Amino acid sequence: MTDVVAAVLEHARARPGRLAGGRLVCVDGPAGSGKTTLATALAEAVPGAVVLHMDDMYDGWSGLNGDTGARLHDQVVVPLAAGETGHYRRYDWVLGAFAERHDVPPSPLLVLEGVGSGDRALAPYRSTLVWVSAPDDLRLERGLARDRALYAREGEPWDEAGHRALWAGFMADEARFFAAHGLPGTADLRFDGTRTIG
């Protein structure tokens with residue numbers, strides 16, 4: 001993991017900081033491929049770094065190809081590029097609705113991780129776009145395990161078959177998103193998520 005983090009930060013630091021001097025690193029790739037682990041390691045390597053998770057910004061399971069990219073652009077990235085504080089409302093997956101507001105202060109490094117972080121609308125502001133991939137069966141099992149844990153923490157009933165169907169729909173949505181935004185072809189760096197996780 002250390003060499004992956006070093007490679008990403010070296011690439012980002014060689015590019016201009018387009019968020020009022022801060023740098024935007026986007027970590028995209030299919031759900032369950034290992035993006036969150038990489039994003040966390042990047043933030044831990046840079047004092048004052050901020051991580052934003054795309055999972056907090058979709059409008060539910062069908063939100064990827066909606067207005068998520070436009071909201072990120074207008075509410076988070078454009079204000080940060082002007083040296084101002086951005087904001088977003090966190091989506092609560094158990095309640096099925098947007099919840100509390102979060103402010104996003106200017107920082108030396110903003111790591112935006114998750115499916116959709118490679119949105120073309122954000123390209124003028126980012127320093128580095130990273131692509132993380134993993135086999136479909138592995139990432140599906142990772143995603144289901146994460147969701148089971150969330151529901152268990154919230155004390156909510158778990159529907160395995162229902163969630164597998166939701167994941168199948170999301171995986172189809174992400175394939176459409178990647179095709180529309182030229183991914184992974186537009187990525188600056190690519191990594192194997194089976195290695196990144198380990």
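As a reminder, the structure under discussion sits directly above these lines.
First things first, this report covers the structure right here in the doc.

Cut-offs and rules
- Residues numbered from 1 in each chain as written.
- Predicted model: local features only at pLDDT ≥ 70, side-chain atom pairs only at ≥ 80, totals over all residues.
- Heavy atoms only, no water.
- Axes fitted to C-alpha atoms, helices over the stretch in contact; angles between N-to-C directions.
- Helix = DSSP H or I, 4+ residues; strand = E, 2+ residues; numbered from the N terminus.
- Parallel < 35°, antiparallel > 145°, perpendicular 65-115°, else oblique.
- Left-handed = near helix turned anticlockwise from the far one by under 90°.
- Contact = heavy atoms within 4.5 Å.
- Nonpolar A, V, L, I, M, F, W, Y, C, P; charged D, E, K, R; others polar.
- Salt bridge = Lys/Arg side-chain N within 4 Å of Asp/Glu carboxyl O.
- Buried < 20%, exposed > 50% of the residue type's maximum accessible area, 1.4 Å probe, protein only.

Another point: the packing of helix 1 (residues 2-13) against helix 2 (residues 35-45). Relative to each other, helix 1 and helix 2 sit at 70°, their axes nearing to 10 Å. Taken together, the axes of helix 1 and helix 2 lie roughly perpendicular to each other. With respect to the hand of their crossing, helix 1 and helix 2 are arranged in right-handed fashion. Between helix 1, through V4, V5, V8 and L9, and helix 2, the contact on the second element is made entirely by L38, A41, L42 and A45. Looking at the contact of helix 1 with helix 2 residue by residue, the class counts come to eight nonpolar, no polar and no charged.

Turning to the pattern of salt bridges, a few remarks are in order. A pair can form between side chains of opposite charge whenever their charged atoms are brought close. Per the counting criterion, the structure on display carries 13 salt bridges. With a shortest N-O distance of 3.6 Å, D188 and R15 are connected by a salt bridge. Placement of D188 in the loop between helix 5 (160-180) and strand 7 (189-192) and of R15 in the loop between helix 1 and strand 1 (23-28) is noted, with a sequence separation of 173 residues between them. A relative accessible area of 31% means that D188 is categorised as partly exposed. Across the pair R164 and E141 runs a salt bridge, and its minimum N-O distance is 3.0 Å. Of this pair, R164 sits in helix 5 while E141 sits in helix 4 (residues 136-154), placing them 23 residues apart in sequence.

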